[in-house]
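Residues per chain, in single letters:
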Amino acid sequence: RKDRMQETAPFVKQYLIASDFDQTLSFNDSGLVLSELAGIPAKEFKKKVAVLSVQNLVQQGGELTYLLVHDPEYRSKVRKEHLVQAGKEVRLKKNIRQLSQLLANAIDGHRFDFHVVSASPQEVIESALEDIIPSDHIHGTQLLYDESGRVESIVRVTAGYGKVAVLDDLQRQFQIGPERIIYIGDGSSDIHVMLHVNRRDGFTIAVSQARYIAQIAKRTVLSDDALSVLIPILEEIVGWDTAHIR
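Quick caveat: nothing in here was measured; it's all calculated off a predicted structure.

About the criteria used
- Residues numbered from 1 in each chain as written.
- Predicted model: local features only at pLDDT ≥ 70, side-chain atom pairs only at ≥ 80, totals over all residues.
- Heavy atoms only, no water.
- Helix = DSSP H or I, 4+ residues; strand = E, 2+ residues; numbered from the N terminus.
- Expected span 1.5 Å × (residues − 1).
- Contact = heavy atoms within 4.5 Å.
- Buried < 20%, exposed > 50% of the residue type's maximum accessible area, 1.4 Å probe, protein only.
- Pairing = 2+ DSSP bridges.
- pLDDT = per-residue confidence, 0-100.
- Axes fitted to C-alpha atoms, helices over the stretch in contact; angles between N-to-C directions.
- Polar contact = N/O pair within 3.5 Å; in protein donor to acceptor, adjacent residues only side chain to side chain.
- Salt bridge = Lys/Arg side-chain N within 4 Å of Asp/Glu carboxyl O.
- Right-handed = clockwise from strand over helix to strand, strands pointing away.

J.: For this particular structure, what's the right way to read unusual backbone geometry?
T.: With glycine set apart, most residues show a phi of negative sign, and most peptide bonds adopt trans. Although it is not a glycine, aspartate 108 adopts a positive phi angle of roughly 50°. If you trace the backbone, aspartate 108 turns up in the loop between helix 7 (96-104) and strand 2 (110-121).

This is how it looks when you write it as structure tokens:
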């Protein structure tokens, strides 16, 4: 009887979906929102980031973290409470909750575990996605604070190769093959992780036409609706046709 039950039990393929946050699940750069909250002009933030990018001093995507720890203006003005408030003010794409709920259930024998892997500070992402994505499914940059709430040091930066490390940790945790990993991103900070996923036969989706990313990703989807990333997943992974997807 046990053998017969095993034979008739539905076979479920487990996949890991990892998504960036800034401009992938949101429209805003959290660094811009945070700067304005702390009284630092947006143009000043953009200028500082541009300088860091030219200097190649930090991993792409890790510029905000560098400023929070090393820039005198950011160190004096930004507190933990600003990061939490910035998350509340970041404008999210539509239907992130519905996307998470749909992925939580098996789709035609495929189950998807949805995680956010981003260089944005953990506090910003958790605040923005509160009651939408569980905090243990959010993997942002982790910071330590002093008694006043000022950033004191860095625990981990989830930018560049840091994203690759987090993804590899999640793969080991879930004990799935690299071909069962899907990554969704939008910009230069996603290049390393997309190349890593592609090289190991995973699946990558770009949500912008930013230089290089659209060329690297296996599919590109441009939409202000988070549910749109389901289309290439249902087509390429689940195997549905257009009529079935509709």
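J.: Would you take a moment to explain helix 3 (residues 42-55) for this structure?
T.: Because each turn of an α-helix spans 3.6 residues, side chains separated by three or four positions end up pointing in the same direction. Between its terminal C-alpha atoms helix 3 stretches 20 Å, which fits the 20 Å expected from 14 residues at 1.5 Å a residue. Looking at the buried side of helix 3, the elements it contacts are helix 2 (30-37), helix 4 (63-70) and helix 5 (72-77). Looking one or two residues beyond helix 3, the residue adopting positive phi is asparagine 56, at roughly 55°.

J.: So what exactly am I meant to see when it comes to the pairing of strand 2 here?
T.: Here is the key point about a regular strand: its side chains alternate between the two faces of the sheet. With respect to burial, strand 2 is a largely interior element, 11 of its 12 residues being buried. One ladder, built from seven bridges, connects strand 1 (residues 13-19) with strand 2; its direction is parallel. In the sheet register, leucine 16 faces strand 2, and the bridge partner there is aspartate 113. Bridge count between strand 2 and strand 3 (residues 138-145): three bridges; the pairing is parallel. Within the sheet, the bridge partner assigned to valine 116 lies in strand 3 and is isoleucine 138.

J.: Where do I start with the confidence of the model for the protein in this structure?
T.: Any residue range with low pLDDT should be treated as having predicted coordinates unsuitable for detailed reading. Across the protein, pLDDT averages 92, with 96% of residues at or above 70. Summarising per-element confidence for the protein, the mean pLDDT is lowest in helix 1 (residues 2-8) (46) and highest in helix 8 (residues 122-128) (98). Contacts from residues 4-9, a stretch scored under 50 in pLDDT, to residues over four places away or in other chains number zero contacts.

J.: What's the story with helix 10 (residues 191-199) in this structure? I'm lost.
T.: Of all the residues in helix 10, the buried ones are Ile191, Val193, Met194, His196, Val197 and Asn198. Against the buried residues of helix 10 lie helix 9 (161-174), strand 5 (181-185), strand 6 (203-206) and helix 11 (213-216).

J.: Help me understand the sheet that holds strand 7 (residues 219-220) in this model?
T.: Backbone hydrogen bonds are what pair the strands of a sheet, in a parallel or an antiparallel way. The sheet built from seven strands is open, its strands ordered 4-3-2-1-5-6-7 with mixed pairing. Bordering the open sheet on either side are strand 4 (151-156) and strand 7, each of which pairs with just one other strand. Relative to strand 2, helix 7 is tilted by about 140°, and along the sheet it contacts strand 1 and strand 2.

J.: Please clarify how the side chain of serine 208 should be interpreted in this entry.
T.: The topology assignment puts serine 208 in the loop between strand 6 and helix 11. A polar atom in the side chain of serine 208 sits 2.5 Å from the backbone oxygen of aspartate 186. Side-chain polar atoms of serine 208 contact the backbone nitrogen of alanine 210, separated by 3.2 Å. Filtering out sequence-adjacent residues up to four positions away, serine 208 remains in contact with Asp186, Ala214, Thr220, Val221 and Leu222.

J.: What is the right way to look at the pattern of salt bridges in this model?
T.: Between side chains of opposite charge, a pair can form as their charged atoms come close. For the coordinates displayed, the defined rule picks out 13 salt bridges. With a shortest N-O distance of 3.0 Å, lysine 48 and aspartate 71 are connected by a salt bridge. Here lysine 48 is found in helix 3, whereas its partner aspartate 71 is found in the loop between helix 4 and helix 5, with 23 residues between them in sequence. Residue aspartate 146 pairs with arginine 150 through a salt bridge whose shortest N-O separation is 3.5 Å. Given a relative accessible area of 22%, aspartate 146 falls into the partly exposed group.

J.: What should I look at first to understand the pairing of strand 5 in this one?
T.: Summarising burial for strand 5: five of the five residues are buried, a large majority. In this sheet, strand 6 lies alongside strand 5 in parallel orientation, the contact comprising four bridges. Each residue of the ladder has a partner; that of tyrosine 183, found in strand 6, is threonine 204. Tracing the backbone out of strand 5, into helix 10 and back to the parallel element strand 6 gives a crossover that is right-handed.

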